[in-house]
Every structure is written in structure tokens, then in C-alpha cells.
Amino acid sequence: MSAAQAAIKPTVALVVAIKQSTSIRELKTIQAHIVRAGLAHDTFLTGKLMESAALTQKGHIAYAHGIFSQTHHPNVLMWNTLIRGYSLSDSPIKAVSLYRDMHLGGISPNSFSFRFVLKACCKLLRLCEGEQLYAQILKLGFESEPDVVNVLLKLLAVCGRIEDASKMFDEMPQRNKGSWSAIVSGYAQNDCSSEALSLFRQMLEEGVEVDGFTLASVVGVCGDISALDLGKWLHSYIDREGIELDVVLGTSLVVMYSKCGSLDDALKVFEGMRERDVTAWSAMIGGYAIHGYGKKALQVFDAMKRAKVKPNCVTFTSVLCACSHAGLIEEGSRYFDAMALEYGISPQMEHYGCMVDLYCRAGLVSRAHEFVQKMPIEPNAALWRTLLTACKTYGYKELGEQISEEILELEPHSGRNYVLVSNVYASLGRWSSVSKVRRLMKDKKAKKEHGCSSIEVDFVVHQFVMGDETHPEIKEIYDMLDGMAKKLKKEGYVATTIDVLHDIDEEEKEQALSLHSERLALAYGLLRLPEDSPIRVVKNLRVCIDCHSVIKLISAAYKREITVRDRVRFHHFREGKCSCNDYW
């Protein structure tokens, strides 16, 4: 046996030992053997040690960095291992710093170097560094490497530059499934639902392999636009193709079904998941919360604690939201206190907002205001809007005027603030103040958010705005609206015009209400969906009091199950009643 062959044997044995190691303690023992064997300068062995610590046994990146620091001349593989490890860690900024050190040290990066440091930039949303890296990629000729360009696509998308990402995708000489995944997910992240779905269909038509990450993004789009039929098709596609339902894809299905109003399906997926992390549990709690099933949400939270899964900030947002929608005041207060006392989680703005919402829904406006005044952080405009809406609802005139001034000063260019404040003045009959606020809104060029409702029929999502005349079947829709109005009159319907806060007569107010976007969507559902099929409508704003009353009557008169998802929560209408019990 030659000397070279003899030297290989201990090296191979040590590599096998490194691969089989299951703890940092074992790695340190192996490192001691390497040093005693005089192999401390073997970059192959030390590289394997680093790889195991930084990647296989995640969480030991500091140990890997220590090995790296003791290596006299680390090669590019060792640099890449450490950059990759930090890109996956909670300190991705160190990956960027290491790449800079590598570049300044004269070590030539390869395609892996760029992939790993760009992933860190995605986590950090550092587009500036990404553009600098792209210049180096072009200089070194890696622009034709799909895996490098894919991460660039992702970086552009997560930083909101979806048009640039799309252009880069179109110009790619070679695309792989990662390229398609990056652009589809990019459109999904930027609320470009139709583009994401269109590209996904194209992806299927071209026979590109679809991975779980892409499916999770598309399933998420279905939830956002409440496309339940399409979401169910995707679920069946996942089952048919034998795609692994990991925790990410499973959670996306739970969220999709919850957002589409099908809690039974959400629960079925959740209970069928082999692994449930804090995100999955929080999703199920959140699903019950937005549907108004507060006690069921808290039961899931209790089950989560029994499963020894530690809740996080998102979990408590869902728990407090559940308490708010169900009027569970004592429970909400107790869980809010438990965040810091039992779990060491400092409440954030969203948690304070949930508590204010909890008190306001229950009519405890003074208690809500007192809570705001004692907050350790400065309240934001969303929180003030919650309190101002309650002041309008429960007649706290002086406090409402005080908050109106506060909210306009805090966000002088938000159209929704001016609309809310003018509505408060209108409810008091102070039309001169309404005119003043409207003029101020015009001067500040603040844009009002218009109501929009959608409904899915035969895998197509139809959208409507108030008084819409653009839909190709608009004549039939308006005929159906007339039929609905006649039926409602027979049921003794009288319009509730409190939400129409214009200085016009009651007849004009009633006419304005009848053309609300959710009624147009509902009329289309009655026209085109089978009689035994539930009607699901999504609205971007809060449903008004009159429309809520009308839909209750329609559910009884037409014997239909109707679900409406508005900005705040779900309403399930059946036999003239709503699941919210008018507590919303």
C-alpha cells in the first residue's frame, strides 16, 4: 500500500464520522481527532466539519465560523458554506458582510456564492446590494446561470419590482422550474392575482414540474380572491400528483379554505397534517377567529399548548382577534396579560389594536380610550380609526371630534381617514364641517378607497363596484336586483340609511344602497349559481348595516346559504340569520 493510499483511509473514516454525527459535541470530538492526526490544515476535512455545523446541524453557525477563522487559507467552498449558513440563519446580514470580505480578499466567487448571498439579500430586502451583485454577475459571466437569475428574480419581486422581474424572466435564455416558481410567487406576493394564475396555467400547459413552494403561492392567491373552486382543484391536483403535503403547503391550504369560507375543509387539512408548527396552529386559530367562532379558536389554542407548541406574536393576534369578534372580554384581557407574564412576548401594535377593538365592539368606548392613553407605544392611525368608528356608533360626540383632529394630523394623505371623519360629522348633522373635510381631502389629494365585491362562478372571479355597468350581463343583473327589491318589500323591508351620510333625501339614500357592490355580486350569484349551491361574496370594505339586513332577508326569501367576507370578518347567512348574531 502506498503512502498516499494509507493517508486516505483515516480521512475517509473521519468524513464518514462527520456525516453520521448528530450533535455539536460529537463534531468537537471529531475535530480533536483531526488535530491529533495532524490534519488540521486539510481544507477538505475542515470544510466538511463546517458544512455539518452550519447546514446539517442548524443553529451551530458560530462553531462553523470558529473553524473557518482558524483556517489559514480557506477555499471558495468554505466561504460558500459559511455564507450559505448565515443566509439561512437569523443573521443574514453576516452573509453579505462575508461576501464583501471574500471579494476584498481576492477570492473569486462562483455561481453558488452569488446564489447564497442573494438569498440573504432577499431576507433583508436589500435591493441596493442585489443590484451591485448583479453588476458583478454580468462581469463574471454568470448571467446565463438560471439558478443565479432565479434568486435575482425573487429579490426583485420581494422588493416590489415585479415589472423588472417579469422583464428578466421574459429575457431568460433558459428557464427551469425555479424560474417559473420565482415569477409566479413574485406575482402572488405583489397582489397580482390574475397574472400569477395565468402564469401558473401556462406553467402546467408547458409541462413544467410544479413544486410545493409554487403551489403554496398559488393556493395563497386562491385564498386572497376567495376562489374556492380553483382552490379545491389545486388541492385535488396535489393529491393526484402525490406532492408531499409538508407544513408550508398544508398551512397554505388551511389559510385558503379559511379565507374562502370553508372551515370544515380547513380543519380536515389541519387534522391530516403530519407536522404542525406554530404557523399551522396559528392559521387554524385565525381561521376560527375571522369566522367569529371565538370559543372554538380558544379550544384550538388550548390544544396547541397541550401539544407543547410555543405560541408567538401571530398566534396571540389570532387569539385576541377571536376574543374580539366573539365578545369575550374577560378572556381577551387575560390572554393579553399572559403574553408578557407567561410567554415573555412584548405586545406589538396589532395586539393593542385587538384590545381596543375588543372594548369598542362591546360598547366600552371609555375603557378603550383609557387603554389607548396608557399604551407604552404611540397609537397608529388604524387604532384611532377603530376608536373613532365606535364613537360614531355609540354617540361619543366630543371624544369623536377630538380623535378626528388627531387622525387627520397623523395621516394627512389617507383618503379613508377623511371619509371616516366626514361621516362622523354627517352623523351629527354638521354638514358645513362635512364640506370642510371634503375640501381638505381634495386639497391634500387624498384618494378614497372604493368598494369592490367579487364572486366566483365556474372558476371565473367576477368583480363589481357600486353602480357597475361594465359587466357583460349587467342587464340581467339589474333585472334580478329589481326582483330582489320587490321580494324584500313583501318581507316588510325598510332601508337603514344611517350609513348613507350625504345631505340627500331618504329615497335617494335607498337607491344608493341598492347599488352597493355586494348586492350586485349577490344578484349575479342568484342568477348563475345552482339553487343548491352556496353563494360566496368577498368585499374589500366593511359591509354596511343595510346590506347586512338585506342579505339576511335574501337568505330566507330565496332559501340560500350566503357567505360574505368583508374587510373585518366572515358573515354566514342562513334562514334569515347571520353567524355574527349582529355583533360585528
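For the structure, check the block above.
Residues numbered from 1 in each chain as written. Predicted model: local features only at pLDDT ≥ 70, side-chain atom pairs only at ≥ 80, totals over all residues. Heavy atoms only, no water.

Draft legend 1. Quick peek at the pairing of strand β1 (residues 452-457). Counting buried residues in β1 gives 5 out of 6 residues, a clear majority hidden from the surface. In the sheet, β1 pairs with strand β2 (residues 460-465) via 6 bridges, with the strands oriented antiparallel. In the strand pairing of β2, Glu456 is matched with Val461. Count of turn residues in the β1/β2 antiparallel hairpin: 2 residues, of which Asp458 carries a positive phi of about 50 degrees. With 3 bridges joining them, β1 and strand β3 (residues 535-539) adopt antiparallel strand pairing. Note on β3: the bridge partner recorded for Ser453 is Lys539. (Buried < 20%, exposed > 50% of the residue type's maximum accessible area, 1.4 Å probe, protein only. Helix = DSSP H or I, 4+ residues; strand = E, 2+ residues; numbered from the N terminus. Pairing = 2+ DSSP bridges.)

Draft legend 2. Highlighting the packing of helix α12 (residues 193-205) against helix α13 (residues 212-225). Direction vectors running N to C along α12 and α13 enclose 140 degrees, while the axes themselves pass 10 Å from each other. Taken together, the axis directions place α12 and α13 in an arrangement best described as oblique. The interaxial crossing formed by α12 with α13 has left-handed handedness. Residue-level inspection shows Ser193, Ala196, Leu197, Phe200 and Met203 of α12 in contact with α13, the latter providing Thr214, Leu215, Val218, Val221 and Ile225. When the residues that make up the contact of α12 with α13 are grouped by side-chain class, the tally is 8 nonpolar, 2 polar and no charged. (Axes fitted to C-alpha atoms, helices over the stretch in contact; angles between N-to-C directions. Parallel < 35°, antiparallel > 145°, perpendicular 65-115°, else oblique. Left-handed = near helix turned anticlockwise from the far one by under 90°. Contact = heavy atoms within 4.5 Å. Nonpolar A, V, L, I, M, F, W, Y, C, P; charged D, E, K, R; others polar.)

Draft legend 3. Just a positive patch on the surface, in detail. Side chains of Lys486, Lys487, Lys490 and Lys559 sit close together on the surface and give a patch of like positive charge. Under the relative-accessibility criterion, Lys490 is labelled exposed at 75%. (Patch = residues over 30% accessible without salt bridge, like charges linked within 9 Å, V, L, I, M, F, W, Y side chains within 5 Å. Areas by Shrake-Rupley, 256 points an atom, 1.4 Å probe, with all protein chains shown as cover. Salt bridge = Lys/Arg side-chain N within 4 Å of Asp/Glu carboxyl O. Lys, Arg positive; Asp, Glu negative; His and termini not counted. Charge placed at Lys NZ, Arg CZ, Asp CG, Glu CD.)

Draft legend 4. A look at the side chain of Asn80. Inspection of the secondary structure assignment puts Asn80 in helix α5 (residues 76-88). Among the residues examined, Asn80 registers a relative accessible area of 4% and is labelled buried. Beyond its immediate chain neighbours, meaning those up to four positions away, Asn80 contacts Met102, Asn110, Phe112, Ser113 and Phe116.

Draft legend 5. Examining unusual backbone geometry more closely. Here Leu125, not a glycine, exhibits a phi torsion of approximately 55 degrees, which is positive. The class for Leu125 is exposed, based on a relative accessible area of 52%. A positive phi angle, near 60 degrees, is found at Asp191, a position not held by glycine. Along the chain, the position of Asp191 falls in the loop between α11 (177-189) and α12.

Draft legend 6. Fine view of the pairing of β3. A large share of β3 lies buried, amounting to 4 of its 5 residues. Note: β3 against strand β4 (residues 562-565), 4 bridges, orientation parallel. Directly across from Val537, in β4, lies its bridge partner Val564. Between β3 and its parallel partner β4, the chain crosses via helix α30 (residues 545-557), and the hand of that crossover is right-handed. (Right-handed = clockwise from strand over helix to strand, strands pointing away.)

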